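Below, each chain spelled out in residue letters.
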Amino acid sequence: MADAATIDSPETEPQTADHGHGDHHDHHPALEHHFEDLDQQFDAGKLGMWLFLAQEVLFFSGLFAAYTVYRWANPEVFVDAHHHLNTTLGAINTIVLLASSLAIAWGVRAAMRGDRYTILTTHVFTLGCAAVFMGVKTIEYTHKWDEGIGAGDFYKFLEGHHLVADWMFSDYMPGLTISSLGLGVLVSLIGAAWAAAGSPVKGWVTGSIGVSILSLGLGIVIAKCIMPTPLEMEMAGGHGAHAAHDEGHAAEPAHGDAANADEAHAEAAHAAEEGPAEGEAAAEEEYTGPTAAERMSFSGPNFFGIYFIMTGVHAVHIIAGMIAILWVIAKAADGQFDADYFLPVENVGLYWHLVDLVWIYLFPLLYLIH
Amino acid sequence: MSHDAHTHHISSPALLWATFFALVALTILTVAVASYVPLDNFPVQVFLPMVFDTPMNLSWLDMPITLTIATMKALLVAVIFMHLQHDKLFNAVLLIGAVLFMVLFIGMVVLDSQQYEPEVLDYQYDKQTALNP
């Protein structure tokens, strides 16, 4: 988890230092000239944010419409394909996002009370949660890529076969994890040192970036602990998953009949779920990858098209939110917010909650299909 | 710098924590229902022994349960975390309006796709027979 305590706030300036920029009661420095007063500016800005959020809901509704139509028409494909998604990882990501939402709500509360230090710590914590989320997503995506589970033409998954590819993400994952953890600690320390040395904006921004990089590594570690690859299971003297993975190499290919192959796939997935003991008996017929005829109808490649676009667009929103939160941290460290003016904190918070809302629906719809 | 005319409502820490724990509890509930409750072979006879004596296939309840829990979570986030309960009504109207239009949109698309499903199936059948004569 992100540790906001890695950064020591110097609290060099008293809370009221920024009120010195001119006559506060007549003209707040943040008040734009085209607004009557700060209240009007706040309401207008917030209304704009809500309009944007309404637009976001409609934007995502296109993706949800695609999901609904295809799930309605092909429920069995969704049930089969979702066995490739790890429910525990999805649940962890949900709770991580909920925690970040709590932190942001707490930050808005702090902003209303003019508590600059709490704004900073809650937002750094939120960034950490967002990065953990992205770390877990990194493992989910790369794991699927290495198995050959991609969208559309990138779907080369065969039950029981190991994909041979020139590029396997898992080869690079240990290096990425260690460098992410190391670099994250280093950058966080540099940020803390800068903040302590009396440049709060530079210090807090650098420290936040450090915490993000560190949390990305932590997310990768958490996800790896829960969902190791079959090879890693083997190295650790593993059991279960791999055995189920391997059975049934030998069925005759190309049944031709799509329905038949679908059934075989269902069976294999079922066997994988039940584990090795009953698996051997169950998987006599075997799925040999989508044939040209199968590609005509909705199948695994299409499900993962929907999966990758929905979660990918959501991940892009997470990244955009992280940039926005970084901006809020910079402004807060600069002492630009007080109990009268905290509109950016409020609006970025609203945006972050919406990203959370989208995930609240994505998680059960993609990970909990039955 | 007190604004007597205008004060923002500040959420209490207890409310924020309670909301968070309710959200986590609902997440765990939805995972538990999906993982451990055998909806396709639900033992109704245990709960209503005087009415039923065999398990019942309740898998049609899966989506309603999932979506109800998700909507409860979404409402908690919108009303408490996004502060709609003390916000201007118009902001809530915007969100509700967007959701209504989303429902309308998805409903129309689903109706339309059902409408053309026979043609799609015919097309797929023709293509498949062309590929496997």
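Fair warning: this is a prediction, and the values are worked out from it, not measured in the lab.

Student: It is not clear to me how empty space enclosed by the protein should be interpreted in this structure. Could you clarify?
Tutor: Any space left empty among the atoms is revealed by the rolling of a water-sized probe across them. Applying the stated criterion across every chain yields a total of seven cavities of 30 Å³ or more. Each pocket or cavity is described by its volume, and for the second largest cavity that value is around 70 Å³. In terms of lining residues, the second largest cavity is bounded by Ala105, Val108, Arg109, Glu346, Leu350 and His353 of chain A together with Ser11, Leu16, Ile80, Phe81, Met82 and His83 of chain B. Here the residues of the lining of the second largest cavity are counted per class, giving seven nonpolar, three polar and two charged.

Student: What am I meant to see in a nonpolar patch on the surface here?
Tutor: On the surface, a cluster of nonpolar side chains totalling about 540 Å² of accessible area is made up of Leu58 of chain A together with Phe101, Leu104, Met108 and Leu111 of chain B. Position of Leu104 of chain B among the secondary structure elements: in helix H4 (residues 89–131).

Student: I'm lost on the side chain of Thr177 of chain A in this one. Help?
Tutor: Residue and element names in this part refer to chain A. With respect to the secondary-structure elements, Thr177 resides in helix H5 (residues 169–196). With a relative accessible area of 12%, Thr177 lands in the buried category. Residue contacts for Thr177: discarding those within four places in its chain leaves Gly217, Ile220 and Val221.

Student: Looking at this structure, how should I read the interface of chain A and chain B?
Tutor: One frequently used descriptor of interface size is the decrease in accessible area upon assembly of the parts. In this assembly, 56 residues from chain A lie in contact with 53 residues from chain B. Taking both sides of the interface into account, the surface hidden between chain A and chain B amounts to around 5,000 Å²; carbon and sulfur atoms contribute 77%. In this structure, the connection of chain A to chain B is made through two salt bridges. Salt-bridge contacts for Lys88 of chain B lead to Asp43 of chain A; the nearest nitrogen and oxygen are separated by 3.3 Å. The tally of links between chain A and chain B comes to five residue pairs in polar contact (both at pLDDT 80 or more). Of all elements in the fold, only helix H1 (38–73), helix H3 (87–112), helix H11 (292–296) and helix H13 (343–367) of chain A reach the threshold of two or more residues within the side of chain A that touches chain B.

Student: Honestly, the pattern of salt bridges in this entry has me stumped. Any pointers?
Tutor: It is possible for side chains of opposite charge to pair when their charged atoms get near one another. Tallied over the entire structure, the rule returns four salt bridges over all chains. Between Lys46 of chain A and Asp87 of chain B there is a salt bridge; the shortest N-O distance is 3.2 Å. Residue Lys46 of chain A is located in helix H1, and its partner Asp87 of chain B is located in the loop between helix H3 (62–81) and H4; the two belong to separate chains. Comparing Lys46 of chain A with Asp87 of chain B shows no difference in burial state: the two are buried. Glu140 of chain A is paired through a salt bridge with Lys137 of chain A; the nearest N and O atoms lie 3.2 Å apart. Note that Glu140 of chain A and Lys137 of chain A are positioned in helix H4 (residues 116–147) at a spacing of three residues, about one turn of the helix. Lys137 of chain A shares its class with Glu140 of chain A; the two are buried. Connected through shared salt-bridge partners, Lys46 and Glu346 of chain A together with Asp87 of chain B make up one network.

Student: Any chance you could explain the side chain of Thr206 of chain A here in plain terms?
Tutor: Residue and element names in this part refer to chain A. On the secondary structure map, Thr206 appears in helix H6 (residues 200–226). Thr206 sits in the buried class, given a relative accessible area of 16%. Residues in contact with Thr206, not counting those within four places in the same chain, are Val187, Ile190, Gly191 and Trp194.

Student: Whenever I open this one, the nonpolar core confuses me. Can you help?
Tutor: General note: in soluble globular proteins, nonpolar side chains tend to be found buried as a group. The biggest cluster of nonpolar side chains holds 111 residues, and the ones touching the most others in it are Phe303, Phe304 and Ile318 of chain A together with Phe81 and Met82 of chain B. For this core, the leading source of residues is H13 of chain A, giving 17 residues.

Student: How should I be thinking about the packing of H4 of chain A against H5 of chain A in this particular structure?
Tutor: Between two packed helices, the angle of one axis relative to the other and the distance separating the axes together describe the packing. All names here are of chain A. The contact between H4 and H5 brings their axes to 9 Å, and the two run at 150°. As judged from the angle between their axes, H4 and H5 are roughly antiparallel. Residues Thr138, Ile139, Thr142, Trp145 and Asp146 of H4 form the contact with H5, whose participating residues are Phe169, Ser170 and Met173. The residue inventory of the contact of H4 with H5, partitioned by class, reads four nonpolar, three polar and one charged.

Student: Would you explain the packing of aromatic side chains in this entry?
Tutor: What characterises a pair of aromatic rings is the spacing of the ring centres plus the angle enclosed by the ring planes. All names here are of chain A. Within the structure shown, the criterion is met by 22 aromatic pairs over all chains. Among the aromatic residues, those joined into a cluster by ring pairs are Tyr67, Phe78, Tyr141, Phe303, Phe304, Tyr307 and Phe308. Lying over the aromatic face of Trp106, Arg109 brings its terminal NZ or CZ to 5.5 Å of the ring centre. In this arrangement the basic side chain of Lys202 is found over the ring face of Trp194, its NZ or CZ atom lying 4.4 Å from the centre.

Here is what the cut-offs are and how they apply
Residues numbered from 1 in each chain as written. Chains lettered and ligands numbered in written order. Predicted model: local features only at pLDDT ≥ 70, side-chain atom pairs only at ≥ 80, totals over all residues. Heavy atoms only, no water. 1 Å grid on protein atoms, 1.4 Å probe; cavity = no way out; pocket = protein on both sides within 12 Å on 5 of 7 lines; lining within 4 Å. Points joined across faces, edges and corners; volume = space filled by probe spheres on them. Nonpolar A, V, L, I, M, F, W, Y, C, P; charged D, E, K, R; others polar. Patch = residues over 30% accessible without salt bridge, like charges linked within 9 Å, V, L, I, M, F, W, Y side chains within 5 Å. Areas by Shrake-Rupley, 256 points an atom, 1.4 Å probe, with all protein chains shown as cover. Salt bridge = Lys/Arg side-chain N within 4 Å of Asp/Glu carboxyl O. Helix = DSSP H or I, 4+ residues; strand = E, 2+ residues; numbered from the N terminus. Buried < 20%, exposed > 50% of the residue type's maximum accessible area, 1.4 Å probe, protein only. Contact = heavy atoms within 4.5 Å. Buried area = accessible area lost by both parts, 1.4 Å probe. Polar contact = N/O pair within 3.5 Å; in protein donor to acceptor, adjacent residues only side chain to side chain. Core = buried A, V, L, I, M, F, W, Y, C linked by side-chain atoms within 4.5 Å. Axes fitted to C-alpha atoms, helices over the stretch in contact; angles between N-to-C directions. Parallel < 35°, antiparallel > 145°, perpendicular 65-115°, else oblique. Phe/Tyr/Trp six-rings, centres within 6.5 Å; stacked < 30°, edge-to-face > 60°. Lys NZ or Arg CZ within 6 Å of the ring centre and 35° of its normal.

Function cannot be inferred from these measures alone, as they are strictly geometric.
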